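Chains, contacts and geometry: an overview
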Amino acid sequence: MPALKEIEEKIREFLPREVGVSEVGAEGPKIVLTTDRLDLFIDHDTIAKDLARSIKKRVLIRPTPSSLMDPAEAETQIKKICGTESGINDIMFNPYQKEVMVEAEKLGNVIGENGTNIKKIIKDTGWSPMLERTTPLKSNILSSLRKTLWDKKVCRKRKEFLDKLGREIYRVADHGCDWIRVTPLGGAGEVGRSCFIVQTPNSNVLLDCGINVAASDTKRMFPDFRAMQLAIDDLDAVIISHAHLDHCGFVPYLYRYGYDGPIYATKPTRDIMAMLQLDAVEISAKEDKELPYSSPDIKNVIEHVIPLEYNEVADITTDTRLTLFNAGHILGSSIVHLHIGDSLYNIIYTGDMKFGETKLLNPADYEFPRLETLILESTYGGRKSIQPKRKEAEELLIKSIKNTVDQGGKVLIPVFAVGRSQEVLITLEEYMKNQLAEIPVYIDGMVYEATAIHTAYPEYLKRRLKTMILRGANPFLAKNFTKVNTKERIDLAESNEPCIIVTPSGMMTGGPSVEYFKRMAGNEKDLIVFVGYQAEGSLGRRVQKGMKEVVIMEGKKPKNIEVKINVITIEGFSGHADRRQLLGYVKRLHPRPEKIMTVHGESKKCADLARGLSRVFHIDTRVPMNLDTIRLV
Ligand SMILES: [Zn+2]
């Protein structure tokens, strides 16, 4: 990829003479032009678009410092341009990147028809607006993230970090790119601690960095970094496919041990990741299980995230170009596409994906510019891993709830805070109009926060849901839904009121679902419903298998719990593609890959899926174990 000097020459050649450009730089992967003719770029907005297309990079246009309006004045001007109807709640300035954050209830009004307001703001004030939505559900995480990221000190640090990174990415490469290899450091032949390193002569890029929440010994809990044979600060970039802890739970550790480079992820992934990591720290402190990082490390993570939108192309090292695509798994989840070398090689890493209808998200993208190797998840890749139709799953859920409630019982649904819980809530809301009318639904733990974050990013949701949220008919605000405070938890678990409780963690590896379970386990009238994957070793898996007595740790003391509660597993709500969908995905995939590596599944399932794929499509398939290096070029 070209060095910055070459890019600068191309830009100067491309632009008409009257467009004075005083400086060309790079903030991380984005190219920044400083000009005293910002007005020309605004009036002729094709200039910037054509330029970006010609150099294949995101280009930010910034004014020279003298033409930047004073913040207090700019704030008044912005409010005047957008009008009171836009419901602006907050405006914050980042003088280092010449950006202004505008948080408002109605972003459509802030943008104006065809973006007229945005253009006017830039032209009048010189500041580039960054828009954030005021959420209908209040989210503490979102407000504290915004405060952190727009804090002046953090803005200054971030500018220094992005400038340094820009120089790294757009330097002259040390070597030609004549080999590429991939090594799983975790997450091959298992579900949990996903982490893959992609290496070339010039770069070391990490795909995901998770923990295995169900593992009891630390050896199987974290990725094995010793096998990289690199110091952690030799990593050039980390890409996070989505915010579940088995894909991002170990990222703060990197910062604790010397990494100070970028994390690439979508904005929802950044926010949910911060929320789940903070929650993991809190839970581990409460339950006396040690995590090798703490909250200052998480703050460090947040400050180093470079958010990307789907389909946005970013150069992340001298020889690697990244694009994220929709994975259909949870809010903001991505399929990672890497283009390596000069048209040399293309890898797709699916992360976790869903290739079927859900109520929240569109199915995973399947068309890519180029593709040679596919790294494919295999959670439900086994020969028998076929899930029932979604409609059947819903009907079974509703029937089971009704039976329990009619007999005076409570229903506990342990869920991942993100993804399954919103699917379940939307489903319950739909059936509330008739079958489930008047049954209270209690939402505990991080589910509420996670749901609030969903309402901040409706553009990532399915169209129908997005329009509902933008119109104010938000299904997450249903009147039967009640948020539970920690103090009310025990009373609720011990009460005789028939109700539904939706709470994490999904595999009962900690968090409120375990607290409820302890108190409800002995009650024959109650019901526990599993709607998500239960990993080997988790309490959820033991209960699911029908054990009549389980041991739960209370602090460091084991406690025996008798299980009399009714147990049901309902497949079909999963955020993962089942075997049929995985095969269907490869069939639709364009272009078809030369090689497929199956990972993220119990080893038998990875092998089953690989056999199926090679039989049906005659593609070279591999089933790597952790630490197996596979050379691609
Ligand atoms: Zn996941």
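Above this text you will find the structure in question.
Residues numbered from 1 in each chain as written. Predicted model: local features only at pLDDT ≥ 70, side-chain atom pairs only at ≥ 80, totals over all residues. Heavy atoms only, no water.

In this section: the overall build of the chain. Counting its regular elements, the chain contains 21 helices and 28 strands. Computed over the C-alpha atoms, the radius of gyration of the chain is 25 Å, within 12% of the 26 Å expected from 2.2 N^0.38 for a compact globule of 633 residues. Each of the three principal axes of the chain carries a C-alpha extent, and together these read 80 × 60 × 45 Å. Buried positions account for 61% of the 633 residues belonging to the chain. In the chain, of all internal contacts separated by at least 6 residues, the share reaching a separation of at least 24 is 72%. (Helix = DSSP H or I, 4+ residues; strand = E, 2+ residues; numbered from the N terminus. Rg over C-alpha atoms; globule rule 2.2 N^0.38 Å. Buried < 20%, exposed > 50% of the residue type's maximum accessible area, 1.4 Å probe, protein only. Contact = heavy atoms within 4.5 Å.)

Across the five residues that make up strand E16 (residues 345-349), a large majority, five, are buried. Burial along E16 is two-sided: the residues Tyr 345, Ile 347 and Tyr 349 and Asn 346 and Ile 348 are all buried. Here strand E15 (residues 334-340) runs beside E16; their pairing, made up of five bridges, is antiparallel. Each residue of the ladder has a partner; that of Leu 338, found in E16, is Ile 347. Between the end of E15 and the start of E16, which pair antiparallel, lie four residues, with Gly 341 showing a positive phi angle near 70°. (Pairing = 2+ DSSP bridges.)

With respect to the element layout, Arg 133 can be found in strand E6 (residues 128-133). A relative accessible area of 14% places Arg 133 in the buried class. Those residues in contact with Arg 133, other than ones at most four positions away along the chain, are Glu 103, Ala 104, Leu 107, Arg 146, Thr 455, Ala 456, Pro 458, Glu 459 and Leu 470.

So, on to the packing of aromatic side chains. One pair of aromatic rings is described through two measures. These are the centre distance and the angle between the planes. One pass over the structure, following the stated rule, counts 14 aromatic pairs. Of the aromatic side chains, those joined through ring pairs into one cluster are Phe 222, Phe 225, Phe 250, Tyr 253 and Tyr 257. (Phe/Tyr/Trp six-rings, centres within 6.5 Å; stacked < 30°, edge-to-face > 60°.)

On to unusual backbone geometry. The linkage connecting Pro 504 with the following residue, Ser 505, adopts the cis geometry, with an omega of 5°. Looking at the element boundaries, Ser 505 is found in the loop between strand E21 (500-503) and helix H18 (512-520). Non-glycine residue Gln 229 carries a positive phi angle of around 50°. Mapped onto the elements of the fold, Gln 229 is located in the loop between strand E9 (204-207) and strand E10 (237-239).

What follows covers the packing of helix H7 (residues 140-149) against helix H11 (residues 267-286). At a minimum axis distance of 10 Å, the contact between H7 and H11 shows a crossing angle of 110°. As the angle between them shows, H7 and H11 are arranged roughly perpendicular. Contacts between H7 and H11 pair Ile 141, Leu 142, Leu 145 and Leu 149 from the former with Arg 270, Asp 271, Ala 274, Met 275 and Leu 278 from the latter. Classifying every residue of the contact of H7 with H11 by side-chain character gives seven nonpolar, no polar and two charged. (Axes fitted to C-alpha atoms, helices over the stretch in contact; angles between N-to-C directions. Parallel < 35°, antiparallel > 145°, perpendicular 65-115°, else oblique. Nonpolar A, V, L, I, M, F, W, Y, C, P; charged D, E, K, R; others polar.)

Right, let's get into the sheet that holds strand E7 (residues 181-186). An order of E12-E11-E10-E9-E8-E7-E28 is seen for the seven strands of this open sheet, with the pairing classed as mixed. The two strands at the open ends of the sheet, each matched to only one other strand, are strand E12 (305-307) and strand E28 (630-631). Taken together, the three bridges between strand E11 (residues 263-265) and E12 define a ladder with parallel strand orientation. Directly across from Ile 263, in E12, lies its bridge partner Val 305. Strand contacts of helix H8 (residues 152-169): E11 and E12, with the helix running at about 75° to E12, the strand carrying the most contacts.

Protein-derived coordination of the zinc ion comes from His 242 (NE2), His 244 (ND1), His 329 (NE2) and Asp 352 (OD), at a distance range of 2.2 to 2.3 Å. Around the zinc ion, the four donor atoms are arranged such that angles at the metal cover 88 to 167°; this shape is classified as irregular. All donor residues of the zinc ion come from one chain, and their arrangement in sequence is H-x1-H-x84-H-x22-D. A residue pair is termed long-range when its members are at least 10 positions apart, and His 242 in the loop between E10 and helix H9 (245-248) and His 329 in the loop between strand E14 (320-326) and E15 qualify at 87 residues. Across this residue pair, the class does not change: His 242 and His 329 are buried. (Donors = N, O, S within 2.8 Å, 3.2 Å for Na, K, Ca; no water. Tetrahedral: all angles 85-135°; square planar, octahedral: opposite > 155°, others 65-115°.)

Bringing the environment of Ile 596 into the picture now. As for its position among the elements, Ile 596 is in strand E26 (residues 595-599). The buried category is assigned to Ile 596, whose relative accessible area is 0%. Between the C-alpha atoms of Ile 596 and Val 586, which are ten residues apart in sequence, the distance is 9.6 Å. Leave out the neighbours within four places in its chain, and Ile 596 touches Leu 374, Leu 376, Val 586, Leu 613, Ile 619, Asp 620, Thr 621 and Arg 622.

Once that is clear, we can look at helix H12 (residues 295-303). Of the residues making up H12, those classed as buried are Asp 297, Ile 298, Val 301, Ile 302 and Glu 303. Buried residues along H12 sit against H7, H8, helix H10 (251-256), E11, H11 and E12.

What follows covers the pairing of E9. Here E9 shows a buried face lined by Asn 204 and Leu 206 and a second buried face lined by Val 205 and Leu 207. Note: strand E8 (residues 195-199) against E9, four bridges, orientation antiparallel. Across the sheet, Val 198 pairs through a bridge with Val 205, a residue of E9. Remark: four residues form the turn of the hairpin made by E8 and E9, two consecutive strands paired antiparallel. Relative to E10, E9 runs parallel, the two being bridged by three bridges. Counterpart to Val 205 in the pairing with E10 is Ala 237.

For the coordinates displayed, the defined rule picks out 49 salt bridges. Two residues, Lys 120 and Asp 124, come together in a salt bridge whose shortest N-O distance is 3.0 Å. Here the residue Lys 120 and the residue Asp 124 both occupy positions in helix H6 (residues 116-125), the gap between them amounting to four residues, near one helical turn. Judged by its relative accessible area of 42%, Lys 120 is partly exposed. The exposure class of Asp 124 is partly exposed, given its relative accessible area of 29%. (Salt bridge = Lys/Arg side-chain N within 4 Å of Asp/Glu carboxyl O.)

The nonpolar side chains of a soluble globular protein tend to be buried, and buried together. If you look at the biggest cluster of nonpolar residues, it comprises 118 residues, and the most contacted ones within it are Leu 206 and Phe 225. Considering every element that reaches this core, the biggest residue donor is H11, with seven residues. Residues in contact with Phe 225, not counting those within four places in the same chain, are Leu 185, Cys 195, Leu 206, Cys 209, Ile 232, Phe 250, Tyr 253 and Leu 254. Listed in part, the 28 residues of the second largest apolar core include Leu 436, Val 447, Phe 481 and Ile 500. (Core = buried A, V, L, I, M, F, W, Y, C linked by side-chain atoms within 4.5 Å.)

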